[in-house]
Amino acid sequence: MTTTWDQLKGHDEQRELFRRSLQRGRLSHAYVLAGPEGIGKRQFARLLAQSVFCRNHELTELQVCGDCRACRSFHANTWPDYIEVGVPAGKTAIPIAAIAGEDGKRGREGLCYELSMAPQASDRRVAVINDAGLLNTESANALLKTLEEPPAHSLILLVCDNPDTLLPTIRSRCQVVRFFPLSQPDVQQILLTQEIVESEAEAASIATLCEGSLETARQLLSPELRKLKTSVSAQLEQMEGMKPLKVAATVVGGIEEMSSSTAEQRQNAQWLLRFVADAIQQRLRALAKGDLSDAMTKRLGVRNGLDLLSPMLERTIAASRQIDGSSPVRLVMEAFFDEVARMFRQAAKR
Ligand SMILES: [Zn+2]
């Protein structure tokens with residue numbers, strides 16, 4: 001778990017924006033922290049809250065010591081002026097109970113009630129709402145009342161992927177702060193320091209593919225997906241001997257097994273195509289340098305390799321678009337591998 005700002009990668013500009021607002025005494029009561037999943041917005045929100053409470057730093061420094069009573073209590077989740085809510089396990093939305101209290105205790109517990117109370121141990125009360133795009137209508141309306149008349153001592157941070165998923169009435173009462181994907185070196189370092197990968201080479205390869213999101217990196221690293229990737233690579237290595245329908249069946253079967261919904265199947269199909277595209281790109285780069293050390297590129301030779309691999313890459317991107325456009329995964333994969341096999345056969349004739 002991130003305990004200090006030093007451990008948070010990226011987002012320096014966003015931190016500076018909050019620091020400047022604090023120095024000018026212009027901190028708003030409510031912010032939306034918006035940006036892709038898996039880049040550290042939630043950690044940022046927690047650090048921001050902790051900085052408000054830390055006893056060893058002035059508020060305007062936006063800094064945490066990690067050691068004072070406030071910092072330690074914050075980490076033990078016992079600091080009385082901090083409230084964090086999100087989607088409960090097994091649920092798909094943030095229930096009204098989290099925002100305005102259980103039935104029968106409505107308005108006498110929950111996030112809005114706690115925010116309305118005077119701070120107990122510091123100058124402010126801070127609330128973080130994770131996955132704020134998943135507030136249901138009832139919860140959103142309850143929150144809206146607090147946003148319309150925020151208590152003077154309150155700071156509310158709504159964390160979400162896409163601010164367009166919030167009710168316009170909520171969004172218009174918050175300042176939206178955009179967050180951007182992590183840089184490749186940052187992802188690489190996090191993957192290594194958090195021991196999510198075992199080697200530098202693996203960290204580098206996943207960092208190029210995950211588009212600055214640790215969430216995507218974790219999905220790409222799922223053992224089932226990697227197993228599938230290895231089996232597809234082995235089939236592709238056989239080139240003109242590849243059996244397109246067999247590969248498609250393996251791919252679709254594997255994807256269905258590891259996914260619990262159609263949306264997840266599409267996502268996994270996309271990750272697999274991304275691995276294929278990356279393998280093609282690596283070979284193209286090697287060929288451009290005249291490097292024939294890889295078995296496939298060696299067999300193809302430079303000229304033949306370029307003639308084959310460029311259209312193959314285009315075909316991979318096209319398949320990925322078809323899946324985005326909600327074509328059935330099985331049909332896309334069958335057509336894709338069939339065409340790749342045809343490309344191999346033609347290349348072998350040349
Ligand atoms: Zn502290």
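Since this is a predicted model, take the numbers as computed values, not measurements.

Caption draft 1: Layout of the domain arrangement of the protein. Structurally, the protein comprises domain 1 (5-178), domain 2 (184-220) and domain 3 (222-349). Here domain 1 and domain 2 have C-alpha centroids that lie 28 Å from each other. Facing 6 residues of domain 1, the contacting portion of domain 2 comprises 8 residues. Per-class residue counts for the side of domain 1 that touches domain 2 are 2 nonpolar, 2 polar and 2 charged.

Caption draft 2: Up close: the sheet that holds strand 5 (residues 175-178). Across the sheet, 5 strands lie side by side as 2-3-4-1-5; this open sheet has parallel pairing. Each edge of the sheet is formed by a strand with only one pairing partner; in this case those strands are strand 2 (82-85) and strand 5. Along the sheet, successive strands turn relative to each other by an average axial angle of 20°, direction set aside. The pairing of strand 1 (residues 30-34) with strand 4 (residues 154-160) spans 5 bridges and is classified as parallel. Along strand 4, the bridge assignment pairs Leu 33 with Val 159.

Caption draft 3: Main features of the packing of helix 8 (residues 184-193) against helix 9 (residues 200-209). Look at helix 8 against helix 9: their axes get within 9 Å of each other, and the N-to-C directions meet at 135°. Considering their axes alone, helix 8 and helix 9 lie oblique with respect to each other. The handedness of the crossing between helix 8 and helix 9 is right-handed. The residues of helix 9 that touch helix 8, namely those facing Gln 184, Val 187, Gln 188, Leu 191 and Leu 192, are Glu 200, Ala 203, Ala 204, Ile 206, Ala 207 and Thr 208. Taken together, the residues of the contact of helix 8 with helix 9 break down into 7 nonpolar, 3 polar and 1 charged.

Caption draft 4: Representation of unusual backbone geometry. In the Ramachandran plot, His 11 falls in the positive-phi region, its phi being about 65° despite a non-glycine side chain. One non-glycine residue with positive phi stands out, namely Met 239, at about 50°. With respect to the helices and strands, Met 239 occurs in the loop between helix 11 (223-237) and helix 12 (244-258). With 19 C-beta atoms counted inside 10 Å, the residue Met 239 sits in the partly exposed group.

Parameters and conventions
- Residues numbered from 1 in each chain as written.
- Predicted model: local features only at pLDDT ≥ 70, side-chain atom pairs only at ≥ 80, totals over all residues.
- Domains from an automatic or database assignment.
- Contact = placed C-beta atoms within 7 Å.
- Nonpolar A, V, L, I, M, F, W, Y, C, P; charged D, E, K, R; others polar.
- Pairing = 2+ DSSP bridges.
- Helix = DSSP H or I, 4+ residues; strand = E, 2+ residues; numbered from the N terminus.
- Axes fitted to C-alpha atoms, helices over the stretch in contact; angles between N-to-C directions.
- Parallel < 35°, antiparallel > 145°, perpendicular 65-115°, else oblique.
- Left-handed = near helix turned anticlockwise from the far one by under 90°.
- Buried ≥ 20, exposed ≤ 12 C-beta atoms within 10 Å, placed from the backbone.

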